[in-house]
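Residue-level structural notes
Spelled out from the first residue to the last, the chains are:
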Amino acid sequence: MRVTFCGVRGSTPAPGPDFVRYGGHTSCVAVAPDGGRPSLLLDGGTGLMRVTEMLGATPFDGTLLLGHLHWDHTHGIPFFKSGTAHGSRVDVLLPEQVAGRPGDAHATLARCFSPPHFPVEPRELGGGWTFAEIAEGTRALEGFEVLARQIPHKGGRTFGYRVSDGTGSIAYLSDHSPTSLGPGPDGLGERHESALALADGVDLLITDAQHLAAQFPDVAFLGHASVEYDVELAVEAGVRTLVLFHHDPWRTDDEVDALLGLARERAAGRVEVIAAREGLEVGLGG
């Protein structure tokens, strides 16, 4: 499989000269079969617009899998030209808002954009769009095996995902608040069962690196993780490469560089650490 980072910021886009190297678009990761076009998209932030650049004139044909419904994970959806092109297929899947009780996915998503807050609602994007809620568990999507598990994050039900194709695997825990479940063994947050199950032995762990541990408890109410937690989770789960993701919109390129250095120092060779940037492409297996 091939993984391309299309948007790597959290909370809100970060335009300007201080955010060029890592990019200012919000969360979106494109997954493609080896040698194929992207067919599984993880989240629909403004990074979704870069998927259109990847596809050129080809309409999108695949699944948009949302981890949760905050603005920075949905506000690229109406601007996805490859999704609104004639002949496209966009199956939008989002977490069940009430466990065990499937709801109206379109109505839920329409709360993110519809009049009077936005001129159109989701069903107006085209006849190729469908909307559904999914439960926790394993399913086949676009030729990949996808495991969905609920993870703690403030403001609505949130899923993390594990995606594999038999030769490579990734775990995607974009927004993750482990301290809400307790301090864990070192005060960084609980290494809870869902996080460990998703991350167990994966090639890439893509996870919430919005904060530093020193910023807690002042930022705990925002519902994110620390870089130090990410390192310890990756080591405990036997991850091959940790990818720092969902960068704070105030964190400049130079500050992300420093954050990466801190994470590598803490890792001390126990796990490889890289920082997500727009356009970064990683091939796995195959």
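That block above? That's the structure.
Rules behind the numbers
Residues numbered from 1 in each chain as written. Predicted model: local features only at pLDDT ≥ 70, side-chain atom pairs only at ≥ 80, totals over all residues. Heavy atoms only, no water. Helix = DSSP H or I, 4+ residues; strand = E, 2+ residues; numbered from the N terminus. Buried < 20%, exposed > 50% of the residue type's maximum accessible area, 1.4 Å probe, protein only. Contact = heavy atoms within 4.5 Å. Lys, Arg positive; Asp, Glu negative; His and termini not counted. Charge placed at Lys NZ, Arg CZ, Asp CG, Glu CD. Pairing = 2+ DSSP bridges. Salt bridge = Lys/Arg side-chain N within 4 Å of Asp/Glu carboxyl O. Axes fitted to C-alpha atoms, helices over the stretch in contact; angles between N-to-C directions. Parallel < 35°, antiparallel > 145°, perpendicular 65-115°, else oblique. Left-handed = near helix turned anticlockwise from the far one by under 90°. Nonpolar A, V, L, I, M, F, W, Y, C, P; charged D, E, K, R; others polar.

A word on the overall build of the protein chain
Regarding its fold elements, the protein chain presents 6 helices and 14 strands. With respect to the principal axes defined by its C-alpha atoms, the protein chain has extents near 50 × 40 × 40 Å. Counting over 286 residues, the protein chain shows a buried share of 57%. Of the contacts made within the protein chain by residues no fewer than 6 positions apart, 68% connect residues no fewer than 24 positions apart. Here the protein chain holds 22 positive side-chain charges and 37 negative ones, and the gap between their average locations is 2 Å.

Structural notes on unusual backbone geometry
The omega angle of the peptide bond from P115 to P116 is 5°, so this bond is cis rather than trans. A cis amide bond links F216 with the next residue in sequence, P217, at an omega value of 5°. Inspection of the secondary structure assignment puts P217 in the loop between β11 (204-208) and α5 (227-237). Although it is not a glycine, S11 adopts a positive phi angle of roughly 75°. Checked against the element boundaries, S11 lands in the loop between β1 (2-7) and β2 (28-32). Residue E142 is not a glycine yet carries a positive backbone phi of 55°. Mapping E142 onto the fold places it in the loop between β7 (137-141) and β8 (144-150). Classification of E142 by relative accessible area gives partly exposed; the value is 26%.

As for the pairing of β8
Taken across its 7 residues, β8 has 5 buried, putting it largely inside the fold. A loop of 2 residues connects β7 with β8, the two strands running antiparallel in sequence, and E142 in this loop sits at a positive phi of about 55°. As paired elements, β8 and strand β9 (residues 159-164) share 6 bridges and run antiparallel to each other. Bridge pairing links L147 to R162 in β9.

Description of α5
With respect to burial, α5 is a largely interior element, 9 of its 11 residues being buried. Buried within α5 are the following residues: V227, E228, Y229, D230, V231, E232, L233, A234 and A237. For α5, the secondary structure elements touched by its buried residues are α4 (193-199), β11, β12 (241-245) and α6 (253-267). Following α5 by one or two positions, G238 adopts a phi angle in the positive range, close to 70°.

Comments concerning the pattern of salt bridges
Scanning the model with the defined rule gives 17 salt bridges in all. Put simply, E121 and R123 hold a salt bridge, and the shortest N to O gap is 2.6 Å. Residue class for E121 comes out partly exposed when judged on its relative accessible area of 22%. Each of D61, R89, D91 and E142 takes part in one network of salt bridges that share partners.

Focus: the side chain of R149
Note on placement: R149 falls in strand β8. Taking the relative accessible area as the measure of exposure, R149 reaches 19% and is therefore buried. Leaving out residues up to four positions away in the same chain, R149 has contacts with E136, T158, F159, G160, E193, S194, A197 and L198.

With respect to the packing of α5 against α6
At a closest axis distance of 10 Å, the pairing of α5 and α6 adopts a crossing angle of 40°. Between α5 and α6, the crossing angle belongs to the class labelled oblique. Like other packed secondary-structure pairs, α5 and α6 cross with a definite hand, here right-handed. Residue-level contacts link V227, E228, V231 and E232 of α5 to L259, L262, A263, R266 and A267 of α6. Here the contact of α5 with α6 is built from residues that sort into 6 nonpolar, no polar and 3 charged.

Things to note about the sheet that holds strand β3 (residues 40-42)
Pairing is mixed across the open sheet formed by 7 strands, whose spatial order is β6-β5-β4-β3-β2-β1-β14. The outermost strands of the open sheet, each flanked by one partner alone, are β6 (129-134) and β14 (281-283). Averaged over all pairs of adjacent strands, the angle between their axes in this sheet comes to 20°, without regard to strand direction. Looking at chain direction, β1 and β14 are connected through 3 bridges and run antiparallel. Note on β14: the bridge partner recorded for V3 is V282.

Function-wise, these values are silent; they only describe arrangement.
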